[in-house]
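Here is how the chains run, residue by residue.
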Amino acid sequence: MAINVTINWRKTSTWRGLVQWSFLAWILYLGIQFGRFVEHFTSKGVTAYVARPAGVDGFLPIGGLASLKLLVTTGQFDTLHPAALVLLLTFLAMSLLAKKSFCSWLCPVGTLSEGVWKLGRRILGRNFMPWYWLDVVLRGLKYLLLGFFVKIILVDMPSAAVAAFLRAPYWALSDVKMLHFFTRMTLTTLVILVVVTLLSVFIKNAWCRYLCPYGALLGLVSMLSPFKIRRDTRTCIDCGECTQTCPSRISVHTRLSVINAECTGCLSCVEVCPRNSLAMSVRGVRRPLPRWAFPVILLSVYIVGVGTGMASGHWESALQYNNYQQLIPLIDRFAP
Ligand code: SF4
Ligand code: SF4
C-alpha cells in the first residue's frame, strides 16, 4: 500500500522540524565521534584516533556556569572546555534576543520530548495536564534547581575555588563522564529516564516544563527579549485554537501579547490561527515580523556565537593528545 506523505514547505512547523531533527542528528554524530575518540584512549591506541569534537562541551552547562563566573571575576576564559562557555553565552544571547527559542528549535532533549508527546497524542488521542495548582507547583521545581546551581556556583563558591575546579582533572574529564552517563548507565539513571519519558507521553514536554534548570535560566533571560507574540483583536474570533495548540499551555487567546518565560517562540500558535491574527512582533513596533525572520534571527545568533568562539580561539580544548592518553585510562580514579 502506497503511503502518500505531503510535506508543506510553507508551514513554519515543517522548517522547525527540519532544524530540530537536523540538529539532533548533528549532536548524535558528535556523540559518536566523541565516543570513538574516548575509545581510542581507553583501548590504548588499538582503535583508530578521531579528533575530539568540541561541540560536546554543550553538554556541560553547569561547568559553563562556573566558567562564566571565572570570566566575570578574573577575566580568564576556561581553556579545558572553552566551548562550554561559548555555547552557554550563545544560548543566553539567543534567549535575550529571540526568546527561549533554543528549547523549541535546537535543544535535542526538547526535540525528543516533543516527539514523545506527539507520539503519546497519536496513541492516546490527547495529552494530559495535571491540575492547575499542581502544574504551578511542579513548574516551580526547575526554578528551585536553577536557584540551587546559581547559589552554589555563582554565590557560594569563591573565585579561587572556581579556578581550582576548572584546572582539576575532574573538569578535564567531565565530557568523558558525561559520555559514560549515557554509555554506562546506572539502574537509577535508567529508571529516571524511563519515568521522565513515560511522563512525556502523557504531558507535553514534562522534563522541559518541570525540571530543566537550563530552560528555566533561558526563560528568565527571555523576558528581556524584544520579541513577543502579538494578537490582533480586530481580526481574532476567539476560537481558542492558539491556546489549544500552545505546547507551553499559555492562554494566548486571552492576551494582547505573550510575554511569558514559558514561551519558546515555536510559532505553533501563529501557524494554527485561522485568521492570521497572531504574529511575532518587536515590542513597540506595529508591523509584524515576516514568518521567516524569527528563525533566521535565532539561527544567526547561533552561527555568530559559535563562529566567534572558534575565530577567537575559545573553542578547542587546550588538552593535548598526551594529556588524554594519561587521563582517560584513570577516569574512575579522578572522577568517581
Ligand atoms: S505562545 Fe505561541 S510561540 Fe509561544 S510557546 Fe505558545 S505556541 Fe509557541
Ligand atoms: S487562533 Fe487566532 S483567531 Fe483563534 S483565538 Fe487565537 S488569535 Fe484568535
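For the structure, check the block above.
Below is a summary of the structure that appears in this document. All chains use their own residue numbering, which begins from 1 and follows the written sequence. Whichever chain is written first becomes A and whichever ligand is written first becomes 1, with later ones labelled in order. In keeping with the predicted nature of the model, local features appear solely for residues at pLDDT of at least 70, side-chain atom pairs appear and are counted solely at 80 or more, and the whole-chain, interface and lining totals rest on all residues. Remark: hydrogens and water are excluded; side-chain values derive from all non-hydrogen atoms of the structure.

Strands belonging to one sheet form pairs held by backbone hydrogen bonds; the direction of such a pair is parallel or antiparallel. One bridge is not enough; two strands pair if DSSP finds at least two bridges between them. Each helix is a run of DSSP H or I of at least 4 residues and each strand a run of E of at least 2, with the numbering of both proceeding from the N terminus. Pairing within the open sheet is antiparallel, and its three strands lie in the order β2-β1-β3. Each edge of the open sheet is held by one strand with a lone partner, namely β2 (257–258) and β3 (278–282). Across two bridges, the pairing between strand β1 (residues 227–231) and β2 is antiparallel. What sits directly across from R230, in β2, is S257.

A pairing counts as a salt bridge when a side-chain nitrogen of Lys or Arg comes within 4 Å of a carboxyl oxygen of Asp or Glu. Under the definition given, this model contains 10 salt bridges. Through salt bridges with shared partners, one network takes in R16, E114 and K118.

Relative to the elements of secondary structure, S101 occurs in helix α4 (residues 101–106). Each residue gets one of three labels from its accessible area relative to the maximum for its type: buried under 20%, exposed over 50%, partly exposed in between, using a 1.4 Å probe on protein chains only. Among the residues examined, S101 registers a relative accessible area of 0% and is labelled buried. Between the alpha carbons of S101 and G284 there is a distance of 21 Å; along the sequence they are 183 residues apart. Contacts are assigned to residue pairs that have any heavy atoms within 4.5 Å of one another. What S101 contacts, discounting residues up to four positions off in sequence, is M94, L106, T264, F294 and L298. Reaching out from S101, the side chain makes a polar contact with the backbone oxygen of A98 at a distance of 2.8 Å. In protein, a polar contact means a hydrogen-donor-capable atom and an acceptor-capable atom, both N or O and within 3.5 Å, with residues adjacent in sequence counting only if both atoms are side-chain atoms; elsewhere, any N or O pair within 3.5 Å suffices.

Our focus in this paragraph is the nonpolar core. Across soluble globular proteins, nonpolar side chains show a tendency to be buried alongside one another. For our purposes a nonpolar core is just a set of buried Ala, Val, Leu, Ile, Met, Phe, Trp, Tyr and Cys residues, chained together by side-chain atoms within 4.5 Å. Counting residues in each nonpolar core, the largest one holds 74 residues, and the members touching the most others are F91, F102 and L106. Top contributing element to this core by residue count: helix α3 (residues 82–98), with 10 residues. Not counting residues up to four positions away in its chain, the partners in contact with F91 are F102, L106, Y214, L218 and Y302.

Moving on, we get to a nonpolar patch on the surface. A cluster of nonpolar side chains, namely L187, L190, V191, V194, V195, L198 and L199, defines an oily patch on the protein surface of about 620 Å² accessible area. As for its placement among the helices and strands, L199 is situated in helix α10 (residues 187–202). Given the relative accessible area of 39%, L199 is considered partly exposed. Here a patch means residues that are over 30% exposed by relative accessible area and free of salt bridges, tied together within 9 Å if like-charged and within 5 Å if nonpolar (Val, Leu, Ile, Met, Phe, Trp, Tyr). Working definition of accessibility: Shrake-Rupley area with a 1.4 Å probe, residue cover restricted to the visible protein chains.

Another aspect to go through is the site of ligand 2. Nearness is defined per residue: one heavy atom within 4 Å of the molecule or strand is enough. Taken together, 13 residues form the shell around ligand 2, and within it C236, C239, G240, C242 and C273 come nearest. Under the scheme applied here, ten amino acids are nonpolar (Ala, Val, Leu, Ile, Met, Phe, Trp, Tyr, Cys and Pro), four are charged (Asp, Glu, Lys and Arg), and all others, including Gly, are polar. Looking at the shell around ligand 2, its residues break down into seven nonpolar, three polar and three charged.

This part is about the packing of α3 against helix α12 (residues 213–222). To obtain each axis, a line is fitted to C-alpha atoms, and for helices this fit is confined to the stretch in contact; angles are then taken between N-to-C directions over 0 to 180 degrees. Their axes nearest at 7 Å, the elements α3 and α12 cross at an angle of 45°. Between α3 and α12, the crossing angle belongs to the class labelled oblique. For the pair α3 and α12, the crossing hand works out as right-handed. Contacts from L87, L88, F91, L92, S95 and L96 in α3 reach Y214, L217, L218, V221 and S222 in α12. Taken together, the residues that form the contact of α3 with α12 break down as nine nonpolar, two polar and no charged. Any angle between 65 and 115 degrees counts as roughly perpendicular, while under 35 counts as roughly parallel, over 145 as roughly antiparallel, and the rest as oblique. Here a crossing is called left-handed whenever its near helix is offset anticlockwise from the far helix by less than a right angle, and right-handed whenever the offset is clockwise.

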